[in-house]
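The residues making up each chain are set out below.
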Amino acid sequence: MPWPLFQPGCTSPDDISRRSMEQFIFHPLRPGMEIKSRKDRLKAEILRFHPDKFNSHIVRKLRECDREKAIEIAGVLARMLTDMMAEEIQQETGQ
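Residues numbered from 1 in each chain as written. Predicted model: local features only at pLDDT ≥ 70, side-chain atom pairs only at ≥ 80, totals over all residues. Heavy atoms only, no water.

1. Some points on helix α2 (residues 38-49)
A rise of 1.5 Å per residue sets the reference length of α2, with its 12 residues, at 16 Å; its end C-alpha atoms lie 17 Å apart and thus fit the reference within 8%. Every buried residue of α2 is accounted for by R41, L42, E45 and F49. Buried residues of α2 fall within an arc of 95° about the axis and therefore sit on the same side. Along its buried surface, α2 packs onto α1 (18-25), α3 (51-58) and α4 (64-93). (Helix = DSSP H or I, 4+ residues; strand = E, 2+ residues; numbered from the N terminus. Expected span 1.5 Å × (residues − 1). Buried < 20%, exposed > 50% of the residue type's maximum accessible area, 1.4 Å probe, protein only. Arc of directions from axis to C-beta. Contact = heavy atoms within 4.5 Å.)

2. A closer look at the pattern of salt bridges
Scanning the entire structure with this criterion turns up nine salt bridges. Two residues, R67 and E64, come together in a salt bridge whose shortest N-O distance is 2.8 Å. Of this pair, R67 and E64 both sit in helix α4, three residues apart, which is roughly one turn of that helix. In this structure R67 comes out as partly exposed when scored by relative accessible area, which is 24%. Owing to a relative accessible area of 61%, E64 belongs among the exposed residues under this scheme. Several salt bridges converge on common partners, so that one network encompasses R18, E22 and E87. (Salt bridge = Lys/Arg side-chain N within 4 Å of Asp/Glu carboxyl O.)

Here it is, written out as structure tokens:
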């Protein structure tokens, strides 16, 4: 599964850290993202891992035995990304 992390082999929400996500999402040489703002990069990832979209478009393509774990990991990612976006907005508004 192409999770937004550099290290391969993510099999559990415990394998994800905010730092590892930030390193991937905000990497300056990430293809297609070079000129996008931090907020735009986060928005793209939030849309990719939003539970409704993820569950309807991605989960059905996975093996049955992998679905539950993928849904769990995507949920953790979505919450972390939403928190990161809220912090970006707070920084923009100076609050």
